[in-house]
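Structure assessment
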Amino acid sequence: MKWKKTAALVLASVFILGGCAEKREQAQQMLAQAKEENRHEATTFAMDTVMTFTVYHEDGEQIMTDAEQEIRRLERLLSVTMEDSEIAQLNANAGKEAVQVSEDTMYLLKTAKEMDTLTNGCYDMTISPVVKAWGFTEEEHHVPTQAELDALMPLVDNDSVILSEEDQTAYLAKEGMAVDLGGIAKGYTSDAVTKLMKEEGVESALIWLGGNISAIGNKPDGNPWKIAVENPLDTNDYVGLLEVSDCSVITSGGYQRYFDQDGKRYHHIIDPATGYPSDSGLLSVTIISENGTKADALSTALFVMGYERAVELWRQSDDFEVIFVTEDGKVIATEGIADQFTFEGKDNDFTYETVTR
């Protein structure tokens, strides 16, 4: 805490000596420098993705350790591949019996069902058997036959996920069903880590969980965080820069995970209505929201919906903004974020638009 006391004395001295703009700026710079000296960074691998943290706090190392422990705790509950996770146990008992689940798992299952309803089935956690048939779960990619998909599609049924909050149990009503919370779990995790860090006194941090970014406060100099929105056609480039604070920025796109077979590319975002990779005319969808859990599910759902349906959902909502990158070469920002989004990047053929309510 010594640096904070020193910074406070510096500020007091400046104002006593006259409070001019120049000296106030000098004091702010000294405060920013003091915060910069308490910068801590860490990288870990969890939930099948690389995660990095940048935290400005004198106890930053311990806080990041606490954050990693929270991530590991949630991974042990929510992973679809860990055999002893609650989700794995739920899937193993599909069509047999209900299983006891934690508050975290119950909340996510309930939220996933709500997101399915909100998006008219474009986000569906029960798509898991179909995703597995395409080889994306174990990364053993292949194109399934139509017969395989026809056999699996009846298992994509959000209504057959039966939850009892009173008994704290979940049940998959059809044998062979499986849920995968991968499209929402990292958003929930970023919310949990953000809450933990704020409770431990963090006022400035950036949390990067793969394609999920959460910003706490502003940068130490008081300016918003700048986050690049990746160019789906060139991952070494970006289509624009977002200025944000205290929110999550989550991107989904077919360019992130895919495989090629017989000259055709297949990506990992499966349309629950067809069982095939979504063909909606979008290259990527970036959601900006204070609710990372909802933003994570929406980034997938709006990608599946396509631009027109996605914009209609946005117009009916007031808790998220969107940046679309379309296959026909457009970058489109919703009006609520347009002033914080600077269109720029390498020389490319994208055109830029803003959509209004």
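Procedures and definitions
- Residues numbered from 1 in each chain as written.
- Predicted model: local features only at pLDDT ≥ 70, side-chain atom pairs only at ≥ 80, totals over all residues.
- Heavy atoms only, no water.
- Phe/Tyr/Trp six-rings, centres within 6.5 Å; stacked < 30°, edge-to-face > 60°.
- Helix = DSSP H or I, 4+ residues; strand = E, 2+ residues; numbered from the N terminus.
- Buried < 20%, exposed > 50% of the residue type's maximum accessible area, 1.4 Å probe, protein only.
- Lys NZ or Arg CZ within 6 Å of the ring centre and 35° of its normal.
- Pairing = 2+ DSSP bridges.
- Contact = heavy atoms within 4.5 Å.
- Axes fitted to C-alpha atoms, helices over the stretch in contact; angles between N-to-C directions.
- Parallel < 35°, antiparallel > 145°, perpendicular 65-115°, else oblique.
- Left-handed = near helix turned anticlockwise from the far one by under 90°.
- Nonpolar A, V, L, I, M, F, W, Y, C, P; charged D, E, K, R; others polar.
- Core = buried A, V, L, I, M, F, W, Y, C linked by side-chain atoms within 4.5 Å.

**Observations concerning the packing of aromatic side chains**
How two aromatic rings sit relative to each other is set out by the distance from centre to centre and by the angle between their planes. Evaluated as defined, the whole model comprises 10 aromatic pairs. Summarising the aromatic geometry, the rings of Tyr56 and Trp225 are spaced 6.3 Å apart at their centres and angled 40 degrees between planes, so their arrangement reads as tilted. With Tyr56 in strand β2 (residues 49-56) and Trp225 in strand β8 (residues 225-231), this residue pair connects regions lying 169 residues apart in the sequence. With relative accessibility at 7%, the residue Trp225 sits in the buried group. Relative to Tyr276, the ring of Trp134 lies with its centre 5.6 Å away and its plane at 70 degrees, an arrangement referred to as edge-to-face. One end of the pair, Trp134, is in the loop between α6 (128-133) and α7 (146-152); the other, Tyr276, is in the loop between β12 (264-267) and β13 (282-289), and 142 residues separate them in sequence. Overall, the relative accessible area of 0% leaves Trp134 in the buried class. By relative accessible area, which is 29% here, Tyr276 ends up partly exposed. Against the face of Trp314 rests Arg357, its NZ or CZ located 4.1 Å from the ring centre.

**Things to note about the pairing of strand β14 (residues 321-326)**
Burial within β14 is extensive, with 6 of its 6 residues counted as buried. By the alternation rule, side chains of β14 split into Glu321, Ile323 and Val325 and Val322, Phe324 and Thr326, which are all buried. Relative to β14, β13 runs antiparallel, the two sharing 6 bridges. Across the sheet, Val285 pairs through a bridge with Phe324, a residue of β14. By the bridge criterion, 3 bridges tie β14 to strand β15 (residues 330-334) in an arrangement that is antiparallel. Within β15, the residue paired with Val325 across the bridge is Val331. Where β14 folds back on β15, the antiparallel hairpin that results is connected by 3 residues, among which Gly329 adopts a positive phi of roughly 90 degrees.

**Here's the deal with the side chain of Lys294**
For Lys294, the position within the fold is in helix α9 (residues 292-305). What Lys294 contacts, discounting residues up to four positions off in sequence, is Met115, Leu118 and Asp319.

**Thoughts on the packing of helix α8 (residues 185-199) against α9**
Direction vectors running N to C along α8 and α9 enclose 160 degrees, while the axes themselves pass 7 Å from each other. In this view, α8 runs roughly antiparallel relative to α9, as classed from their interaxial angle. Of the two elements, α8 crosses α9, and the hand of that crossing is right-handed. Here Ala185, Lys186, Gly187, Tyr188, Ser190 and Asp191 of α8 lie close against α9, whose contacting residues are Gly292, Thr293 and Asp296. Each residue belonging to the contact of α8 with α9 can be placed in one class, and the counts come to 2 nonpolar, 4 polar and 3 charged.

**Topic: the sheet that holds strand β9 (residues 234-244)**
Whenever strands of a sheet pair, they do so through backbone hydrogen bonds, lying parallel or antiparallel. The antiparallel open sheet is built from 3 strands, whose spatial order is β8-β9-β16. Taken across any chain shown, the strands that pair with only one partner, and hence form the sheet edges, are β8 and β16 (341-343). Between one strand axis and the next, the sheet turns by 35 degrees as a mean value, whatever way the strands run. The pairing of β9 with β16 spans 3 bridges and is antiparallel. Across the sheet, the residue bridging to Leu241 is Thr342, located in β16.

**Let's talk about unusual backbone geometry**
Although it is not a glycine, Met47 adopts a positive phi angle of roughly 50 degrees. Taking the relative accessible area as the measure of exposure, Met47 reaches 14% and is therefore buried. Backbone geometry at Asn120 places phi at a positive 55 degrees, although glycine is not the residue there.

**Structural notes on the nonpolar core**
Membership of the largest hydrophobic core comes to 80 residues, with the highest contact counts inside it found for Phe53, Tyr123, Val130, Leu181, Met197, Leu302 and Phe324. With near-sequence residues (within four places) excluded, Met197 lies in contact with Phe53, Val55, Ile63, Ala67, Val202, Ala205, Ile207 and Ile216. Counting residues in each nonpolar core, the second largest holds 20 residues, with Ile227, Leu242, Ala333 and Phe350 among its members.

**Quick notes on the packing of helix α3 (residues 60-78) against helix α5 (residues 103-118)**
Relative orientation of the contacting elements α3 and α5 amounts to 65 degrees, with a least axis distance of 10 Å. Crossing hand, α3 versus α5: right-handed. Between α3 and α5, the residues in contact are Arg73, Leu74, Leu77 and Leu78 and Asp104, Thr105 and Leu108, respectively. A breakdown of the residues in the contact of α3 with α5 according to their chemical character gives 4 nonpolar, 1 polar and 2 charged.

**Some points on the side chain of Ser85**
Relative to the assigned elements, Ser85 resides in the loop between α3 and α4 (86-92). Judged by relative accessible area, which is 0%, Ser85 ranks as buried. Contact partners of Ser85, with chain neighbours within four places excluded, come to Arg76, Leu77, Leu78 and Ser79.

Function-wise, these values are silent; they only describe arrangement.
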